[in-house]
Amino acid sequence: MSHEPRGFAATIRIMKKHIPRALLCAALIGMCSLSFAQSTAASSPAKKELVTRLLKLQQPDVEQLARQLAEQPAAQLLGRAGAALPARVAPDKQEAVAKEIQADAKKYSDEAVPLVRATAVKLAPSTIGTMLDKDFTEDELKQIVAMLESPAYLKYVAKADDMQKVLLEKLIADTKGSIEPKVKALELTIAKRLGVTAPPAAK
């Protein structure tokens, strides 16, 4: 059995079957006017207060995004350095150079992360805050704030890491027997392509 596609376009097709053209035009004009009025609704002190509360609730996510952005270049450079190290540095000096590079990357992160994080928090009201004020009604903002401040949601967020951990532990345990042989086979295949002789198996 076929189903009528959902969405705005499907609604229009259904309306065309049952509403005269003049009424259809009037309905479309009314829908567009309502949408425009909602998206350009004037702000208010109460609405701005809700936006401020919502930005405060979302600040940890903003700071995490800033950290990821700041640390990404260092992570990429560390990856390239690790790949180049065997060819560029004598074997007896590789460990020392690797530690120096890691220290350099940490120094960069210690300086860059606070800078980017502070800038992200500063920019949030004029970017995220402006969109929240423009695109959401006061009632919608109240609903979002209520959800984010609800004890049940806060408990859920607090348990998120534990839930992920228990899933990963069980996932690793249940797939280890199937995945480890595949990893070892891939490791041997890559070693052969690079001309690396595998050590003899222990007896």
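Residues numbered from 1 in each chain as written. Predicted model: local features only at pLDDT ≥ 70, side-chain atom pairs only at ≥ 80, totals over all residues. Heavy atoms only, no water.

Once that is clear, we can look at the overall build of the protein chain. Per the secondary structure count, the protein chain includes six helices and zero strands. Scanning the protein chain from its N terminus toward the C terminus, one meets helices and strands in the order α-α-α-α-α-α. When burial is assessed residue by residue, the protein chain has 14% of its 203 residues classed as buried. Residue pairs at least 24 apart in sequence account for 71% of intrachain contacts in the protein chain once pairs closer than 6 positions are excluded. With the model as given, the accessible surface of the protein chain reaches about 16,200 Å², and the carbon-plus-sulfur share is 64%. (Helix = DSSP H or I, 4+ residues; strand = E, 2+ residues; numbered from the N terminus. Buried < 20%, exposed > 50% of the residue type's maximum accessible area, 1.4 Å probe, protein only. Contact = heavy atoms within 4.5 Å. Areas by Shrake-Rupley, 256 points an atom, 1.4 Å probe, with all protein chains shown as cover.)

What follows covers the pattern of salt bridges. Going through the model one piece at a time under the given rule, you end up with 11 salt bridges. The salt bridge involving Glu 111 is made with Lys 107; its shortest N-O contact spans 3.0 Å. Residue Glu 111 and its partner Lys 107 are both found in helix H4 (residues 94–135); the two are separated by four residues, about one turn of the helix. Overlapping salt bridges bring together Lys 47, Lys 48 and Asp 133 as one network. (Salt bridge = Lys/Arg side-chain N within 4 Å of Asp/Glu carboxyl O.)

With 76% of its residues at a pLDDT of at least 70, the protein chain reaches an overall mean of 81. The lowest-confidence element of the protein chain is helix H1 (residues 8–18), averaging 39 in pLDDT; the highest-confidence one is helix H5 (residues 138–149), averaging 95. Residue range residues 1–40 is modelled with pLDDT below 50. Its contacts to residues more than four positions away, or to other chains, number 15 contacts. (pLDDT = per-residue confidence, 0-100.)

This paragraph deals with the nonpolar core. Core analysis: the largest hydrophobic core is formed by nine residues, namely Leu 50, Val 51, Leu 54, Leu 55, Ala 124, Leu 132, Leu 141, Val 145 and Leu 148. Among the elements of the structure, helix H3 (45–88), H4 and H5 are those that each provide at least two residues to this core. Ranked by residues supplied to this core, first place goes to H3 with four residues. Here Leu 54 is in contact with Leu 132, Leu 141, Ile 144, Val 145 and Leu 148, once residues within four sequence places are set aside. (Core = buried A, V, L, I, M, F, W, Y, C linked by side-chain atoms within 4.5 Å.)

With that out of the way, let us pick up a nonpolar patch on the surface. Where nonpolar side chains cluster on the molecular surface, the patch consists of Met 147, Tyr 153, Leu 154, Tyr 156, Val 157, Met 163, Val 166, Leu 167, Leu 168, Leu 171 and Ile 172 and spans about 1,100 Å² of accessible area. The element that contributes the greatest number of residues to the nonpolar patch is helix H6 (residues 151–193), accounting for 10 residues. (Patch = residues over 30% accessible without salt bridge, like charges linked within 9 Å, V, L, I, M, F, W, Y side chains within 5 Å.)

Packing of H3 against H4 brings their axes to within 6 Å, and their N-to-C directions diverge by 155°. Judged on the interaxial angle alone, H4 and H3 are roughly antiparallel. Crossing handedness for the pair H3 and H4: right-handed. Per-class residue counts for the contact of H3 with H4 are 27 nonpolar, five polar and seven charged. (Axes fitted to C-alpha atoms, helices over the stretch in contact; angles between N-to-C directions. Parallel < 35°, antiparallel > 145°, perpendicular 65-115°, else oblique. Left-handed = near helix turned anticlockwise from the far one by under 90°. Nonpolar A, V, L, I, M, F, W, Y, C, P; charged D, E, K, R; others polar.)

Once that is clear, we can look at H3. Here H3 is 44 residues long and its end C-alpha atoms lie 62 Å apart, about the 64 Å a rise of 1.5 Å per residue gives. Its maximal kink placed at Gln 58, H3 deviates by approximately 50°, while the proline Pro 60 follows within four residues. Elements in contact with the buried residues of H3: H4 and H5. (Expected span 1.5 Å × (residues − 1). Bend = angle between axes of the 7 residues up to and from the residue.)

Here the focus is the packing of H5 against H6. Where H5 meets H6, the closest approach of the two axes is 5 Å, and the angle between their N-to-C directions is 55°. Taken together, the axes of H5 and H6 lie oblique to each other. Contacts from Met 147, Leu 148 and Glu 149 in H5 reach Pro 151, Tyr 153 and Leu 154 in H6. Partitioning the contact of H5 with H6 into residue classes produces five nonpolar, no polar and one charged.

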